[in-house]
Amino acid sequence: MMFDIIIVGAGPSGGIAAKTISKEGFSVIVIERKNKVGYPVQCGEAVSHYALESNNIKPSEKWIVKKVKGIKYTIKRGGIDSELFFDNKGYSIDRTLFDQSLINDATDKGCDLLISTQVKSAIRSNSYWNVKTTKGKEYSCKLIIGADGPISTVSKCANLGKNNTLIRGFQYRMKNIDLQEGDWFEFYSSSEFAYKGYAWVFPRNDNTFNIGIITQGSPKEELKKFLDQLSIKYNENNIIEKNAGIIPMNGTLEKLISDGVMLCGDAAGLTNPITKGGIHAALTSGRLAGEIAVKALEKNDFSKETLVTYQNKIKAMPFSDKILVEGVNIMYSLTEKEWRIFGEINQNQSRIKMLKTFVNPKNFSLMKKILKLKKAFMISRRYGW
């Protein structure tokens, strides 16, 4: 069966790309490996208002669970708890319903959806892609969009490279626990848990929370340490749901396009290295991929020379800034003593003391690192979730 566009993956990037292309009257099919769009959840289910607003998505009561003031990021290092606030509002969402709403918008405009199906191979010949699925079906298209997650079949088939460094996440959705429901998404970074990652507490409603961890260590064991630190007693009675997933952490891939193909979302490595959040970048990249796909269809030109516009736009976005990868590498390399200096600076010590810290020749190298880390946090505040 022939389509103008095949999109692999029905997450936020695939959904918004499908919507963007379908509304212009072109034929699109989305191929999704899951039995149900958006489920099981592989996400902390946090999104900023700016991520929605900048991609023309109106917040809906259908999938918004709770409104929050922003992110509170606590770094427990060097004997000091440094608190950073990303004070732009956002939402705790039902990720399954959110993903489904995007796909429904696309199917309402004529897009086809194929679930419970994996792409087995994709080969380009004579300017067309021939896509084979695990169900034995074959589909052809002029342009394929890979929105199929961090281990992308589309990227592999198109020889666009892969996400070399992945980090694992594990989460409990919990209810009726001894924890006050706040108005912030809370992140925790510590040397005692979450190796090269962080833990989180995301309030939802009715004394329900998403509590999880991202780590290069053992997620379940380190989540247990975190829950113990919070003095949260847990058992099968107060754990509503368990979620797990893998996340790319080395920033945007070098190549996002080739003849007749574009990558977006996690498949393109578009996860913020600081927050590990990916919905904002997924929506933006999916929307831009859809817009460029429409122009390519109108010109009937799917060459990489045409599609490179998409790559250039993504590389120019703040969420692709290389300072984010540099910043997270700095986070993981600082000693406890250096973290203490960071904490003292962050606690708004007197200007005289701060000046003495900065002009001390022994601290020059550290100050450069801290300034880069601050810049990475500033970008993440707006573009990291």
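Because the structure is predicted, anything quoted here is derived from the model rather than measured. (Residues numbered from 1 in each chain as written. Predicted model: local features only at pLDDT ≥ 70, side-chain atom pairs only at ≥ 80, totals over all residues. Heavy atoms only, no water.)

## Structural notes on the pattern of salt bridges
Counting across every chain of the model gives 14 salt bridges. Arginine 173 is the partner of glutamate 45 in a salt bridge, and the nearest nitrogen-oxygen pair spans 2.3 Å. With a gap of 128 residues between them, glutamate 45 in the loop between strand 2 (28-31) and strand 3 (46-48) and arginine 173 in strand 12 (residues 166-175) connect regions that are remote in the sequence. Within the structure, one salt-bridge network assembled from shared partners comprises Glu45, Arg173, Arg204 and Glu241. (Salt bridge = Lys/Arg side-chain N within 4 Å of Asp/Glu carboxyl O. Helix = DSSP H or I, 4+ residues; strand = E, 2+ residues; numbered from the N terminus.)

## Brief notes about the packing of aromatic side chains
Taken as a whole and assessed by the stated rule, the structure comprises 19 aromatic pairs. Between the aromatic rings of tyrosine 50 and tyrosine 383, the centroid separation amounts to 5.7 Å while the plane-to-plane angle is 90 degrees, which identifies the pairing as edge-to-face. Here tyrosine 50, found in helix 2 (residues 49-53), pairs with tyrosine 383, found in helix 11 (residues 364-383); they are 333 residues apart in sequence, far enough to count as distant. Ring plane angle 10 degrees and centroid distance 5.6 Å describe the contact between tyrosine 73 and phenylalanine 187, whose orientation is recorded as stacked. (Phe/Tyr/Trp six-rings, centres within 6.5 Å; stacked < 30°, edge-to-face > 60°.)

## Describing the sheet that holds strand 3
Taken in spatial order, the three strands line up as 3-7-4 in an open sheet, and their pairing is antiparallel. Every other strand in the sheet has two partners, leaving strand 3 and strand 4 (64-68) as the edge strands with one partner each. Averaged over all pairs of adjacent strands, the angle between their axes in this sheet comes to 30 degrees, without regard to strand direction. Across three bridges, strand 3 lies against strand 7 (residues 90-93) in antiparallel orientation. Within the sheet, the bridge partner assigned to serine 48 lies in strand 7 and is glycine 90. (Pairing = 2+ DSSP bridges. Axes fitted to C-alpha atoms, helices over the stretch in contact; angles between N-to-C directions.)

## Remarks on the nonpolar core
Counting 89 residues, the largest nonpolar core has Ile7, Tyr73, Ile144, Ile145, Met262 and Tyr310 as the members making the most contacts within it. Leaving out residues up to four positions away in the same chain, tyrosine 310 has contacts with Leu256, Ile257, Met262, Leu263, Cys264, Ser285, Leu288, Ala289 and Ile292. Residues Phe193, Phe209, Phe226 and Ile232 belong to the second largest nonpolar core, which totals 17 residues. (Core = buried A, V, L, I, M, F, W, Y, C linked by side-chain atoms within 4.5 Å. Buried < 20%, exposed > 50% of the residue type's maximum accessible area, 1.4 Å probe, protein only. Contact = heavy atoms within 4.5 Å.)

## A short note on the environment of serine 333
With respect to the element layout, serine 333 can be found in helix 8 (residues 323-333). Judged by its relative accessible area of 43%, serine 333 falls in the partly exposed class. For the pair serine 333 and lysine 196, spaced 137 residues apart in the sequence, the C-alpha separation amounts to 9.8 Å.

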